Amino acid sequence: MNCGDRIIIVGGGPAGASLAIRLARLGFKVDLFEERRFPRHKLCGEFISPECVRHFAQLGLLDRIEGAGGARLRRTVFYSSRGRSFVVPSAWFGGHAWGLSRARLDDLLLDQARRAGAEIHAETRVTGLIEEDGRIVGVIARNAVGTQQLSAELIVDATGRRRALARKFERSRTNASRRAPSLVAFKTHLRGARPSNETCEIYLYRCGYGGLSPVEDGLCNLCFIVAAHEVRAHGGDADALLRRIVCTNARAAKTLRDARAVLPWSSASIERFGRMKLAPAPNLLAVGDAASFIDPFTGSGLLLALESGETLAHAIETNWRSAGAWDELKGDYARRYEARFGRRLHWCAAFRRFAFAPQRAIEAGAMLLAASERALRHVAQATRARRAR
Ligand SMILES: Cc1cc2nc3c(=O)[nH]c(=O)nc-3n(C[C@H](O)[C@H](O)[C@H](O)COP(=O)(O)OP(=O)(O)OC[C@H]3O[C@@H](n4cnc5c(N)ncnc54)[C@H](O)[C@@H]3O)c2cc1C
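I will try to describe carefully the structure that is included in this document. None of the values given here were measured: they were computed from a predicted structure.

Secondary structure summary: the protein contains 12 helices and 21 strands in total. Its C-alpha atoms give the protein a radius of gyration of 21 Å, within 12% of the compact-globule value 21 Å for 389 residues. Projecting the C-alpha coordinates of the protein onto the three principal axes gives extents of approximately 60 × 40 × 35 Å. Relative to its full complement of 389 residues, the protein shows a buried share of 46%.

For an α-helix, 3.6 residues make a turn, and residues three or four places apart therefore share a direction. Among all positions in helix 5 (residues 164-173), only Leu 165, Ala 166, Lys 168 and Phe 169 are buried. Down the axis, helix 5 shows its buried residues gathered within 160 degrees of arc, on one side only. Tucked into the core, helix 5 has its buried residues touching strand 1 (6-10), strand 9 (125-132), strand 12 (154-157) and strand 20 (284-286).

On to the sheet that holds strand 20, then. Spatial strand order, 8-2-1-12-20: five strands in an open sheet with parallel pairing. Because the sheet does not close on itself, it has two edges, and the strands there are strand 8 (119-121) and strand 20. Averaged over neighbouring strand pairs, the angle between their axes works out to 20 degrees when direction is ignored. Pairing between strand 12 and strand 20: three bridges, direction parallel. Bridge pairing links Ile 155 to Leu 284 in strand 20. Taken strand by strand, helix 1 (residues 14-26) contacts strand 1, strand 2 (29-33) and strand 12, and its axis lies near 165 degrees from that of strand 2.

Here we take up the sheet that holds strand 7 (residues 97-99). Reading across from one edge, 3-7-4 is the order of the three strands in this open sheet, with antiparallel pairing throughout. Of all the strands in the sheet, the pair left with one neighbour each is strand 3 (47-48) and strand 4 (71-73). Bridging between strand 3 and strand 7 involves two bridges; their strand directions are antiparallel. Considered in strand 7, the bridge of Ile 48 is made with Trp 98.

Parameters at a glance
- Residues numbered from 1 in each chain as written.
- Predicted model: local features only at pLDDT ≥ 70, side-chain atom pairs only at ≥ 80, totals over all residues.
- Helix = DSSP H or I, 4+ residues; strand = E, 2+ residues; numbered from the N terminus.
- Rg over C-alpha atoms; globule rule 2.2 N^0.38 Å.
- Buried ≥ 20, exposed ≤ 12 C-beta atoms within 10 Å, placed from the backbone.
- Arc of directions from axis to C-beta.
- Contact = placed C-beta atoms within 7 Å.
- Pairing = 2+ DSSP bridges.
- Axes fitted to C-alpha atoms, helices over the stretch in contact; angles between N-to-C directions.

The structure is reproduced here in structure tokens:
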């Protein structure tokens, strides 16, 4: 294969769109499939970590993102149920963070992919994989016009936590069924919420946590996670969960008292965190959440999506010059991925136990972190990684 040949990316979120920009610039023919019509709202805390700025600059998007009306976020404050708090300054990660809706962010990224030369198949869902001798050689896609098949030597699953392509392959091999979700996330935009100035606030409560973060147009994003059994007990009613669970946190009850939702609630189940398969099938690689889902309290899922897109682009640039380079590419991507993200994913799994620990343990942990800036800085920086190629 030479770099004029086709690579198919499925999923137009930050991982897929940023990878498409990078590969199109390297001279690859990129076809990207996205099932939704953009701009679209997306369930997310919409906290954009400061390190993303470097990626936006590389992707040629920094001016447009800075001009998109997002809020500057200089700190994140974590509040325990009883009101203990500790502060993580955004400057620890290299500057200020942004609060910007995914509707705007993802639309800008996908538009940039189109400008870079990627062919965008919008509102087109990939419904199947084409297999030949055990290798994936193309996709079947459907939109309002009909069904089409497209071949490629390399296919990338950038479908987020759904891992739509990886799951299709796994299901064709085993009777693997979906796990029952243990957590459910909810999101809306609020008017009238009152977080501190330039601050993302995180509220810890029984069996979950939520984040309130200013975004554009004077609105705040509220995104919270609760245990699935609580969702069932409340009949899936997001307002009831907000009042009876999230607002058991004293700070949340105060900042959200006069808030009203200006978007319908969206919800999504969370089946698992952490690592998935990087190469679910021959010629199929995963990137972004489809490769690893990092805990939302780190505010770094978008960063991981952009960084893993960068890592995969480097691995493809280095290895994918001739047909049959699959083993080299797969091995190189795995090595780079481990070097860049292994430690971070390991620590996040450990901190997750704290986020879902019994209330007393959370109160004690919050007291320790509030008392020692050094320890807190260590913890915060363990959720990020050194730069690597
Ligand atoms: C509750 C919660 C809060 C979060 N808060 C934050 C936060 O504040 N900050 C942060 O940095 N990260 C946060 N994250 C993580 C962040 O949302 C993800 O890490 C990020 O969206 C991953 O990007 P992605 O491109 O891998 O996947 P996605 O953004 O999920 O994009 C996948 C795309 O694939 C498309 N797609 C799926 N299936 C198909 C198909 N079959 N055919 C075609 N298209 C398809 C989808 O429509 C979607 O556009 C949060 C996550 C959750 C669950």
